[in-house]
Structures are given as C-alpha cells and as structure tokens.
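# Inside the fold
The lines below spell out each chain.
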Amino acid sequence: MPLTVPEARAYYDRFGSKQDSQGFYEDPALDALVRVADFAHAEMVLEFGCGTGKFAERLLSRELPESARYVGCDVSPVMIDLATQRTAAFKDRCSIRHSGSDLVLPAEDRSCDRLVTTYVLDLLSEADISRFLQEAHRILAPGGRLGVVGLTHGVTWLSTCVSRLWRLAYDMKPAAVGGCRPQSLTALLDSRAWNVAHREVVVAWGVPSEVVVAEPRERSARTPT
Ligand SMILES: C[S@@+](CC[C@H](N)C(=O)[O-])C[C@H]1O[C@@H](n2cnc3c(N)ncnc32)[C@H](O)[C@@H]1O
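Residues numbered from 1 in each chain as written. Predicted model: local features only at pLDDT ≥ 70, side-chain atom pairs only at ≥ 80, totals over all residues. Heavy atoms only, no water.

### Looking at the nonpolar core
Core analysis: the biggest nonpolar cluster contains 70 residues, and Leu33, Phe39, Tyr70, Leu115, Phe132, Leu146 and Trp194 have the highest contact counts within it. Sorting elements by how many residues they give to this core places helix H2 (residues 23–37) first, with seven residues. (Core = buried A, V, L, I, M, F, W, Y, C linked by side-chain atoms within 4.5 Å. Buried < 20%, exposed > 50% of the residue type's maximum accessible area, 1.4 Å probe, protein only. Helix = DSSP H or I, 4+ residues; strand = E, 2+ residues; numbered from the N terminus.)

### Details of empty space enclosed by the protein
Here the structure, examined in full by the defined rule, presents one cavity of 30 Å³ or more. Space inside the largest cavity adds up to approximately 40 Å³. Lining the largest cavity, in full, are Leu121, Ile129, Leu133, Leu146, Val148, Leu185, Leu188 and Leu189. The set of elements that each furnish at least two residues to the lining of the largest cavity consists of helix H5 (126–139), strand S5 (140–151) and helix H7 (185–188). Taken together, the residues of the lining of the largest cavity break down into eight nonpolar, no polar and no charged. (1 Å grid on protein atoms, 1.4 Å probe; cavity = no way out; pocket = protein on both sides within 12 Å on 5 of 7 lines; lining within 4 Å. Points joined across faces, edges and corners; volume = space filled by probe spheres on them. Nonpolar A, V, L, I, M, F, W, Y, C, P; charged D, E, K, R; others polar.)

### Some thoughts on the packing of aromatic side chains
Overall, the coordinates contain eight aromatic pairs when judged by the stated rule. On the basis of an interplanar angle of 35° and a centroid distance of 5.4 Å, the ring pair of Tyr11 and Phe15 is categorised as tilted. Of this pair, Tyr11 and Phe15 both sit in helix H1 (residues 5–15), four residues apart, which is roughly one turn of the helix. Across the pair, exposure class does not vary: Tyr11 and Phe15 are buried alike. Note on Phe39 and Phe55: the rings are 6.1 Å apart at their centroids and 80° apart in plane angle, and the pair reads as edge-to-face. (Phe/Tyr/Trp six-rings, centres within 6.5 Å; stacked < 30°, edge-to-face > 60°.)

### Some words on the layout of surface pockets
The space that makes up the largest pocket amounts to roughly 770 Å³. Lining the largest pocket are 48 residues, with Tyr12, Gln19, Tyr119, Val120 and Leu123 sitting closest to its centre. Within the residue set of the lining of the largest pocket, elements represented by two or more residues are H1, H2, strand S1 (44–48), helix H3 (54–63) and strand S2 (69–74). The element best represented in the lining of the largest pocket is H2, accounting for six residues. Across the lining of the largest pocket, the residue classes tally to 27 nonpolar, 13 polar and eight charged.

As structure tokens, then:
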C-alpha cells in the first residue's frame, strides 16, 4: 500500500537532507535525463517533488539558459526549506512552493516547456499518478516535454534481484524504503495521450532506474490522460 500524503510528508520531513545520500544510484539516471531532455532550450521548468533542491541547483547553475525560470514544489515543509536555501543564489528566477495533497500543479495551462519529477511517482498511488499526468498534460506548452525518473524493474541478473528485494521490503513495510516501489513508468503513460520520445534503464550499484521523456499528444475533447 502506498504511503498516504500525510505519511509521505512526515517521512520526508524526518528524512530531510539524508535524501542526498541516494545520489549513488540517482545521479547516473539524472545525468541520463539531462542528456536527453534538452534543458538548454527550456525557458520555464516545473519540478514536482523537488526534495532538497539538488536537481534544481544543477539545472539553474549548469543546464538551463540564464533567462530560464524554475519552479519547484514539494509536500514536505522541511524539503521546501532545504530547497529554498540551496537555490537562494538564483532567487530572481526560482521559486520553491508547497504542494498540497490535491495534486494541482502550481502553473497555468500550457505554461511550461519542461516538467520534471524524479523518484516521486514511485511513492504515489495509481490514482494520484493518473491525476499528476492529467495535470502534466494541462501545464505543458505545445512542444513541451515531461521528464520522469524512477525506480524500475531489473534488466540484469543483479538489478532484477535488487528490484525484487526492494519490492519485498516495500510490501513488508513501505516506510523502510521511503514509500518507494519499482514500477514501469512507460506503462503508466497512455499512448493515446503521450508520445514516449526516449526511454532507457540506468543501473547504478545494482539499482535500476527508468528514465523517460514524453511529449503530450495534441488534445481533443475525448483524449484520455
Ligand atoms: C524520494 S524523494 C525524491 C526527491 C528528489 N526529487 C530527488 O530525486 O532527490 C520524494 C520527494 O517527493 C516528495 N513528495 C512525496 N509525495 C508528494 C506529493 N504528493 N506531492 C509533492 N511532493 C511529494 C517528498 O517530500 C520528497 O521530497
């Protein structure tokens, strides 16, 4: 069972800056996302579940044009404080906001050219993932891209063992693994609503992460999300 939103908030309030210790398997997957998401041509980026602001700092200092704006949101007040401090040098073009349990993203319709979320969908319920994807469709501008990174199923003997053990731990006690479980991100994206432009699995220290870049298909009144 996924953690409820109050349980996730309480967990990540306690975990705080320890989140950065996960870089040993997250960073290689984030490198892959940066290689394929073309942040160099982005002007408005929203990150859902920005955590300590580690990826925000990287985007603002190295990957985005100096004219680009970044908005990060998170449900955990401790994470919001950490991310706000970490991005203080960029405060003219960066804002960190609280996101509620309603999954409404803090952006106008068709206003973002990149929406990123890393290791967050892993801990949402299916209903919340579906709500997030509807919101992603709403806020992405034509030609915009969704970049998602998350834990996934193994592709080698070792990564399959790690992924299965992770799932076992999650089934026994979700909080033991931060409420995160491996899943197939591409399977979550309805092909009538999303065009998957890039998909790869990056394995670091045996932990498999899926990296996906997807573009919203043109909306019609009957397009599902
Ligand atoms: C595993 S951490 C990942 C943090 C960061 N994206 C990273 O890759 O290091 C999950 C983050 O998602 C946030 N989170 C969990 N549920 C959320 C929700 N419903 N809305 C917004 N943020 C959420 C947590 O507070 C935490 O900062």
